Every structure is written in C-alpha cells, then in structure tokens.
Amino acid sequence: MPADPTRSQVRISLVMSALTVSAGAVDAVTFLGLGHAFAALATGNVLLLGFGAAQTAGIPVARPAEAVASFVIGAAAANTVIARASGRGRRWLVLVLAAEAAALAAAGGYATAVGGTGALPGGAEALVAALVAGAMGWRSRGMLEAGVPEMPTTVAQITLVKLLADVLSIHTAPSPRLVLVRARRSATVLGMFVGGALGALLLRSGAGPALLAVAAFEACVTAVYFRATRFRPQPVRA
C-alpha cells in the first residue's frame, strides 16, 4: 500500500522542526558566548556589520564579518556536494545533516578541550565561531535544496508574517493542506524560540559542551532520518 502523502509531510515536518530548534540553539551559543555574532541568522550579521561600519559604540566588525564569510563558504561547499550527489536520491540530505553534525561536534570538542566550561581565548573563540557559521551555511544550502515549504529551519521573519496573516484571515473550512501549512509555520517560530532558550541554558555549562549537546541532538535527528525511509518524501517546491 502506498504511503499516505499527508503522513509523509507530517513526518518530514517533524524532522525540520527539530532542525529549527538546533539552529536557534546554535545562534544562542554563538551570539551570547562566542563574540556577539550569529551563526545561522546571516541577516543579523549583515545588520551588525552595518552598525559596526557606522562606528556604533560596542558593536564589533570582525566577528560578524567572519561569520558572514564562513557562512558563504559553507553554503558554497554544500552547493558543490549537492550538485554531485543530488542525482543519487534523497541520501544527499543525510550527507548534509551528518556533515553538519560532525562540524558542530568538532567545534564543540575543540572548544571544550581549550576552554572547558569557561570562556575561550580570542583566537579559539574566532575559530569555533567560524566552524559553526560554516556549518550553518552548509545546512542552509541543504534546506534550500530540500525545498520543504514554510520550513527553512534558520529564519522566522517571513514565516511569522505569514502566520499572522493566517490568524487574521477568515477560513470557514480550512483544508488539510492549509492545516499542515499553519502547523509548519507555527513549528518554525516556536522551534526558533525553544532553540534559543535551550541554547542559552546550555551555554551555562560552556560553549564547548553546549555545542557538543547540539551536535548529539542533530546526530540523533540524522540517524532517524536515515533509518526511516518514510521520513523521506520527494521534495515539494513552494
């Protein structure tokens, strides 16, 4: 019996929701613990660069610039890999997720070895932030290729606006597709919030252990995605 397409979409939505939580956690760790720059939210880094260029007091330029550059390098690397692997089916997304988890684990392991549960020296902090931002650029390119509507996993601005428009609209009998779309939008916004809160809490144990925890979480998500073929519908373009 063929798989229920609605159930397949719900399952992939659960995977994307988990990745949204991890992106929020990573941004919390990098912004609060690694020099006030974002890893996943490239828009925030561009704004910080603008503030710094205007010589706003207390706003650095080096760390946001480093984060943007690392993000771009990560996205470019993922683009090359996806271009070569996309013809082999949906297994390419497993590779993307596994590589991201490995990069986060490497960053967390290095940070833990150098700083333990305390602050990192400047050079180590910059290296860890660059690794994490590169991993998020890598992931963002993968999510673009996956094309799961309403679930970019790293940004929430437009999703929040669409969700508000849904709430203010009058629908007497929403279709199952509309219900799923609303659920995805809600999960994206809520996932980002939950991830940010969890990341801030994890940071109390140090940036390294926090990143290791996020990497372990992503490894679990990747393992579930790899083993459960029902989580892997064909990509749906918006």
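Attention here is on the structure that accompanies the text. Each residue is numbered by its place in its chain's sequence as written, counting from 1. Where totals are concerned, whole chains, interfaces and linings use all residues; where local detail is concerned, this predicted model gives features only for residues with pLDDT of at least 70, and gives and counts side-chain atom pairs only at 80 or more. Note: side-chain values were computed over all heavy atoms of the structure, leaving out hydrogens and water.

## As for unusual backbone geometry
Peptide bonds are, in most cases, trans, and in most cases residues other than glycine have a negative phi.
Thought 1: One non-glycine residue with positive phi stands out, namely Q55, at about 60°.
Thought 2: Accessible area is worked out with a 1.4 Å probe on protein chains only. A residue is then buried under 20% of its type maximum, exposed over 50%, and partly exposed in between. Relative accessible area serves as the criterion here: at 73%, Q55 is assigned to the exposed category.
Thought 3: Positive phi is not limited to glycine here, since T153 has a value of about 75°.
Thought 4: Residue class for T153 comes out buried when judged on its relative accessible area of 0%.

## Points about the side chain of T153
Thought 1: Numbering of helices and strands starts at the N terminus; helices are DSSP runs of H or I of at least 4 residues and strands are runs of E of at least 2. Following the sequence through the fold, T153 ends up in the loop between α5 (122-146) and α6 (157-168).
Thought 2: At 3.1 Å, the side chain of T153 forms a polar contact with the side chain of R139.
Thought 3: Apart from the residues within four sequence positions on either side, T153 is in contact with M16, L19, T20, A23, R139, M143 and M192. Polar contacts here mean pairs of N or O atoms no more than 3.5 Å apart (in protein, one a potential hydrogen donor and the other a potential acceptor; neighbouring residues in sequence count only if both atoms are side-chain atoms). Only heavy atoms enter the contact rule, under which two residues are in contact if any of them lie within 4.5 Å.

## Here we look at the nonpolar core
Thought 1: Grouped together as the largest cluster of nonpolar side chains are 27 residues, with contacts concentrated most on V26, V29, L34, L104, V128, V132 and M136.
Thought 2: Of all the elements in the fold, those that place two or more residues in this core are α1 (5-33), α3 (62-85), α4 (91-115), α5 and α8 (207-227).
Thought 3: Take this core: its biggest share by element is 7 residues, from α5.
Thought 4: Counting 20 residues, the second largest nonpolar core, distinct from the first, contains V15, A18, V94 and A146. Residue types Ala, Val, Leu, Ile, Met, Phe, Trp, Tyr and Cys, when buried and joined through side-chain atoms within 4.5 Å, form a set referred to as a nonpolar core.

## Some details on the packing of aromatic side chains
We describe a pair of aromatic rings using the distance from one ring centre to the other and the angle between the two ring planes.
Thought 1: Pairs were defined over the aromatic rings of Phe, Tyr and Trp, the Trp ring being its six-membered one, requiring ring centres within 6.5 Å. Orientation was assigned from the angle between planes: stacked under 30 degrees, edge-to-face over 60, tilted for the rest. Tallied over the full model, the rule gives 1 aromatic pair.
Thought 2: Between F31 and F38, the ring centres sit 4.7 Å apart and the planes meet at 15°, which makes this aromatic pair stacked.

## A closer look at a nonpolar patch on the surface
Thought 1: Patches in this entry comprise residues that are over 30% relatively accessible and not in a salt bridge; like charges within 9 Å are linked, as are nonpolar side chains (Val, Leu, Ile, Met, Phe, Trp, Tyr) within 5 Å. Accessibility throughout is a Shrake-Rupley quantity obtained with a 1.4 Å probe, and a residue counts as covered only by protein chains that appear here. Any Lys or Arg side-chain nitrogen located within 4 Å of an Asp or Glu carboxyl oxygen qualifies as a salt bridge. Together, L190, F193, V194, L198 and L201 line one region of the surface with nonpolar side chains, adding up to about 480 Å² of accessible area.
Thought 2: Residue placement: F193 occurs in helix α7 (residues 176-202).

## Some details on the packing of α6 against α7
Thought 1: Here an angle of 0 to 180 degrees is reported between the N-to-C directions of two axes, which are lines fitted to C-alpha atoms, with helices fitted over the stretch in contact. Remark: α6 packs on α7, axes separated minimally by 9 Å, with the N-to-C direction vectors making an angle of 135°. By the angle between their axes, α6 is oblique relative to α7. Between α6 and α7 the crossing geometry is left-handed. Here T159, L160, K162, L163 and D166 of α6 come into contact with α7, specifically with R182, R185, S186, T188 and V189.
Thought 2: Gly is placed with the polar residues, together with every amino acid not listed as nonpolar (Ala, Val, Leu, Ile, Met, Phe, Trp, Tyr, Cys and Pro) or charged (Asp, Glu, Lys and Arg). A per-class count over the contact of α6 with α7 returns 3 nonpolar, 3 polar and 4 charged. Orientation is classified from the angle alone, with under 35 degrees giving roughly parallel, over 145 giving roughly antiparallel, 65 to 115 giving roughly perpendicular, and any other angle giving oblique. Helix crossings are classified by the rotation of the near helix relative to the far one: an anticlockwise turn of less than a right angle makes the crossing left-handed, while a clockwise turn makes it right-handed.

## Looking at α8
Thought 1: The terminal C-alpha atoms of α8, which comprises 21 residues, lie 30 Å apart, in line with the 30 Å expected from a rise of 1.5 Å per residue.
Thought 2: For α8, the complete set of buried residues consists of A207, G208, A210, L211, V214, A215, E218, V221, T222 and Y225. End-on view of α8: buried residues confined to an arc of 155°, all on one side of the axis. Pointing more than 90 degrees away from the buried face of α8 are the exposed residues C220 and R227. Working rule for helices: expected span equals 1.5 Å times residues minus one. Directions pointing from the helix axis toward each C-beta atom define the arc.

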